Amino acid sequence: MTDEYVSHLINGFRWSCSTLLFQMMMCAVVGKATRCRMRQLLKQVFRKEKSVFSSVRVHRCLFHLNYGDNQQSESQVDPQQVPKKDDQQMEKIRNIGIMAHIDAGKTTTTERMLYYSGLTHTVGEVHDGDTVMDYMEQERARGITINSAAITFPWKKHRLNLVDTPGHIDFTMEVERSLSVLDGAVAIFDASAGVEAQSLTVWRQADRYQIPRLCYLNKMDKPAANLSMCLTSIKDKLHTTPLVLQQPVGQGKGFTGVIDLIHMKRMVWNQSKRGDYGKSYQITSLSQENENDLWEQAFLARCELTDTLADLDNTLAEYVLEKESIENIPPLLLEEAVRRATLSQEAVPLLMGSSYKNTGVQPLMDAVIRYLPSPSERTNDTVSLYAPHLCAMAFKIIHDNQRGGVLTFIRIYSGQLEQGQRLYNINQEQGEKVGRIMIAYADDLKEVSSVQAGNIVVVTGLKLTGTGDTLVGSQSIANSVMKKMNKEKGEKQTPILLGAQVPEPVFFCSVEAPSMSQQKALEEALVRLQREDPSLRVTVDQDTGQTVLSGMGELHLDIIRDRIWKEYKVEAELGPLQVAYKETSQTACTHTLDINKTIGDRKQQIKITLSIEPKRNEKFKSVNLAISKDTQENLCAVRHYHLAAINQGISAGLRSGPILGFPVVDVKVWLHWLEIGRGTSETMVSAAAAQCLHQLLQKSNSQLLEPFMQLEIITEEEATPSVLADISRRRGNVLQVAQRQDMKVIQVECPLAELVGYSTTLRTITSGTGFFSMELSDYRPMSPYDQAAAIESITGFAPS
């Protein structure tokens with residue numbers, strides 16, 4: 001190609017109004033040598049005739065010329081060897097949660113992470129009430145975490161989406177719904193206490209969602225800190241294998257750092273350096289020559305770690321067998337083995353530090369990146385059906401009038417979310433439109449235009465979406481996935497993500513507005529609070545017309561009352577706390593109901609025979625057909641919509657038992673016979689099933705079940721006899737009394753009804769030195785005497 005022809009192309013561009021046409025000519029028509037000559041001539045023309053050419057247009061053309069060369073060289077690369085952009089981005093993301101027993105140091109650890117990452121410039125303290133994560137007024141006043149708070153921060157070219165969860169049993173729902181969308185978790189333990197009651201509860205919750213975890217022994221600077229005790233506690237109570245990656249430098253108040261066993265390096269923090277808050281620390285390699293005792297202790301611990309890993313990881317085991325030694329294993333090989341064991345959940349890496357003393361937090365952050373999975377490493381069958389289209393789940397809802405009303409926290413599993421995008425809510429079968437998209441920094445939100453898969457974001461504009469709802473790009477995509485799923489599994493299923501399990505409430509109380517003028521405001525407040533907190537139940541008593549709140553405990557309902565007062569300006573009054581009992585049947589029973597009525601101008605005729613039998617841990621899903629030689633022809637002719645109506649009626653009947661109107665559990669329901677006259681409505685079928693079941697329960701010798709709690713009471717030895725005597729008066733059963741340093745640890749089972757106000761009583765008995773934690777154990781049958789007392793307490797009348 002001659003210079004004259006190149007000049008002709010440029011002259012054509014000079015008078016062309018289409019820059020895109022010229023770019024196409026540059027990149028698609030000519031070869032590499034011609035493009036090089038074009039660049040030279042174009043630069044010359046630009047220098048001579050600046051008035052004719054726009055510098056932006058010329059530089060854009062030069063860019064496309066260069067791009068043509070780059071594109072040609074890149075085309076020689078194997079596409080399969082180049083990772084996808086989305087996968088590259090997700091590899092740099094970690095969605096993690098912080099979980100622990102109350103007062104183990106979750107929020108303190110999170111505050112240090114934010115400071116070291118550079119997101120904050122001051123360190124917040126729980127006791128000062130100035131932490132970033134505990135931003136609610138009730139949290140700062142009480143010094144505890146109530147709501148799970150999400151925050152995003154950078155660390156070593158990675159993006160960490162972190163959720164700080166509550167440690168109190170009353171707010172276990174916050175932990176449950178957070179874990180349902182996380183890829184990994186950090187379990188924090190008090191190094192002087194080991195695995196405590198709520199630690200065990202949150203660990204079981206993480207087991208249910210199969211979440212890989214790290215363990216972090218906090219408060220290693222306490223005089224009672226005991227690494228050996230903590231390891232035994234983790235093995236015995238959590239039934240997992242801890243991989244000890246660090247050893248402490250110093251004991252108790254002399255704790256100044258840790259020894260990295262994988263790299264055989266010592267990390268020491270200068271706690272006397274004011275204003276640094278542990279941001280800088282010294283790393284030195286251990287030397288056998290100068291520190292023989294310390295080096296030998298660390299070397300033996302490293303060999304023990306290698307031996308444990310070799311039993312769990314085949315790759316490392318093969319290397320050890322080849323070398324015939326567990327000494328001098330390369331650090332990279334150990335790190336890879338630890339990661340594989342963590343992701344397979346065969347073991348948990350264990351690190352240590354003292355967050356309050358600003359020691360050991362940075363290695364914990366490194367371990368999160370190194371050992372916990374990225375979103376692309378967590379597989380989900382439902383998500384794979386939607387990919388590459390959008391698939392997300394809403395896991396938390398809050399109300400903020402200053403930021404657009406309803407704020408919905410969602411986890412994006414696949415696809416991309418953009419502002420103004422229309423979504424389809426599969427659970428609600430409704431379309432929604434996204435307003436703004438924001439990244440959460442605790443109570444501060446930063447707006448973005450779009451976000452990729454793997455992230456946790458906050459959106460506005462979702463009016464119908466609730467906790468646990470699955471959101472996809474469109475209804476057509478949802479229908480297509482549903483057809484594909486039904487074809488693969490051979491049964492009709494809805495392609496939704498697994499949401500959080502909502503625990504059953506154990507306490508309830510009435511709530512009343514101070515005046516009729518504030519009744520509407522109270523109702524609106526309760527609707528919002530119930531949408532935010534699925535563990536809060538709001539019902540209306542059919543007999544008295546009272547509004548009833550049901551929650552997870554005294555503190556839970558007290559926080560709800562406080563929020564109604566301060567956030568919604570309604571001085572609502574709560575009635576006395578009542579225990580949420582359940583009812584069950586003690587004997588099997590059969591009953592037939594025959595209805596023949598004319599309602600309006602339609603004749604309603606139905607004959608139904610049901611039976612119930614006691615069965616422990618039975619949860620009603622659908623009525624069982626009692627098919628026999630005599631009933632086979634009748635039951636096989638039951639239409640599916642009539643069966644659905646019967647199930648609906650039975651479900652309604654089980655919600656209110658015959659004794660005190662509590663839910664009926666642990667019963668199995670059978671359908672023996674069904675005759676339905678022509679023209680009988682499905683509503684009548686449902687009502688007949690509910691009425692028949694109610695009469696059945698009245699005949700079957702029903703019984704109350706009361707919730708039993710498992711308590712862990714920690715007190716000084718001098719107060720132990722008084723505590724045990726008080727427990728015996730409360731119908732409690734002492735399971736174990738153990739020694740933890742200079743304190744007694746008492747494991748107790750006790751009815752919840754006897755524990756109302758127990759916190760105040762314990763403080764009085766122990767002169768303020770004792771404390772306790774508890775979790776729901778199970779529901780147990782009440783004796784006739786205790787049942788009569790419960791009935792009289794609730795109704796005010798002794799049973800006849």
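As a reminder, the structure under discussion sits directly above these lines.
Reading guide: rules and limits
Residues numbered from 1 in each chain as written. Predicted model: local features only at pLDDT ≥ 70, side-chain atom pairs only at ≥ 80, totals over all residues. Heavy atoms only, no water. Buried < 20%, exposed > 50% of the residue type's maximum accessible area, 1.4 Å probe, protein only. Helix = DSSP H or I, 4+ residues; strand = E, 2+ residues; numbered from the N terminus. Arc of directions from axis to C-beta. Contact = heavy atoms within 4.5 Å. Phe/Tyr/Trp six-rings, centres within 6.5 Å; stacked < 30°, edge-to-face > 60°. Lys NZ or Arg CZ within 6 Å of the ring centre and 35° of its normal. Core = buried A, V, L, I, M, F, W, Y, C linked by side-chain atoms within 4.5 Å. Pairing = 2+ DSSP bridges. Axes fitted to C-alpha atoms, helices over the stretch in contact; angles between N-to-C directions. Salt bridge = Lys/Arg side-chain N within 4 Å of Asp/Glu carboxyl O.

**Considerations on helix α12 (residues 314-323)**
Residues spaced three or four apart along an α-helix point in a common direction, a consequence of the helix completing one turn every 3.6 residues.
Here's step 1: When we look at burial in α12, the residues that qualify are Leu316, Ala317 and Val320. With its buried residues spanning 100° around the axis, α12 presents them on a single face. Those residues of α12 that are exposed and angled more than 90 degrees off the buried face are Asn314, Glu318, Leu321 and Glu322.
Here's step 2: On the buried face of α12, the contacting elements are α11 (292-310) and α13 (331-343).

**A closer look at the packing of aromatic side chains**
Here's step 1: Taken as a whole and assessed by the stated rule, the structure comprises 8 aromatic pairs.
Here's step 2: Each ring, one from tyrosine 581 and one from phenylalanine 662, has its centre 5.8 Å from the other, and the planes form 70°; the classification is edge-to-face. In this pair, tyrosine 581 is assigned in the loop between β26 (578-579) and β27 (582-585) and phenylalanine 662 in the loop between α20 (640-654) and β31 (667-676), connecting sequence segments 81 residues apart.
Here's step 3: Its relative accessible area of 8% is what places tyrosine 581 among the buried residues.
Here's step 4: Of the residues examined, phenylalanine 662 reaches a relative accessible area of 10% and is grouped as buried.
Here's step 5: In this structure, arginine 213 packs its charged tip against the face of tryptophan 203, placed 4.5 Å from the ring centre.
Here's step 6: The ring of tyrosine 115 carries the charged tip of lysine 279 above its face, separated from the ring centre by 4.9 Å.

**A look at the nonpolar core**
Here's step 1: Among the nonpolar cores identified, the biggest contains 60 residues, and Met99, Leu179, Phe189, Trp203, Leu217 and Leu350 are the most heavily contacted of them.
Here's step 2: Here tryptophan 203 is in contact with Met99, Ala187, Phe189, Arg213, Cys215, Leu238, Thr240 and Val348, once residues within four sequence places are set aside.
Here's step 3: Grouped together as the second largest cluster of nonpolar side chains are 43 residues, Met133, Ala149, Leu160 and Val320 included.

**Focus on the sheet that holds strand β29 (residues 602-614)**
Here's step 1: Taken in spatial order, the 4 strands line up as β28-β29-β31-β30 in an open sheet, and their pairing is mixed. Because the sheet does not close on itself, it has two edges, and the strands there are β28 (589-599) and β30 (624-625).
Here's step 2: Here β29 runs beside β31; their pairing, made up of 9 bridges, is antiparallel. Bridge pairing links proline 614 to valine 667 in β31.
Here's step 3: Contacts from α20 reach β29, β30 and β31 within the one sheet, and its direction differs from that of β31 by about 135°.

**A short note on the pattern of salt bridges**
Here's step 1: Using the criterion set out here, one finds 27 salt bridges in the structure.
Here's step 2: When the shortest N-O distance is used, the salt bridge between arginine 616 and aspartate 666 registers 3.5 Å. Residue arginine 616 is found in the loop between β29 and β30, and its partner aspartate 666 is found in the loop between α20 and β31; the two are separated by 50 residues along the sequence.
Here's step 3: Put simply, arginine 731 and glutamate 754 hold a salt bridge, and the shortest N to O gap is 3.2 Å. In this pair, arginine 731 sits in the loop between α22 (720-729) and β33 (733-740) while glutamate 754 sits in the loop between β34 (743-751) and α23 (758-765), placing the two residues 23 residues apart along the sequence.
Here's step 4: Judged by relative accessible area, which is 25%, glutamate 754 ranks as partly exposed.
Here's step 5: Ionic contacts of the salt-bridge type, sharing partners, join the residues Glu706, Arg731, Glu754 and Asp786 into one network.

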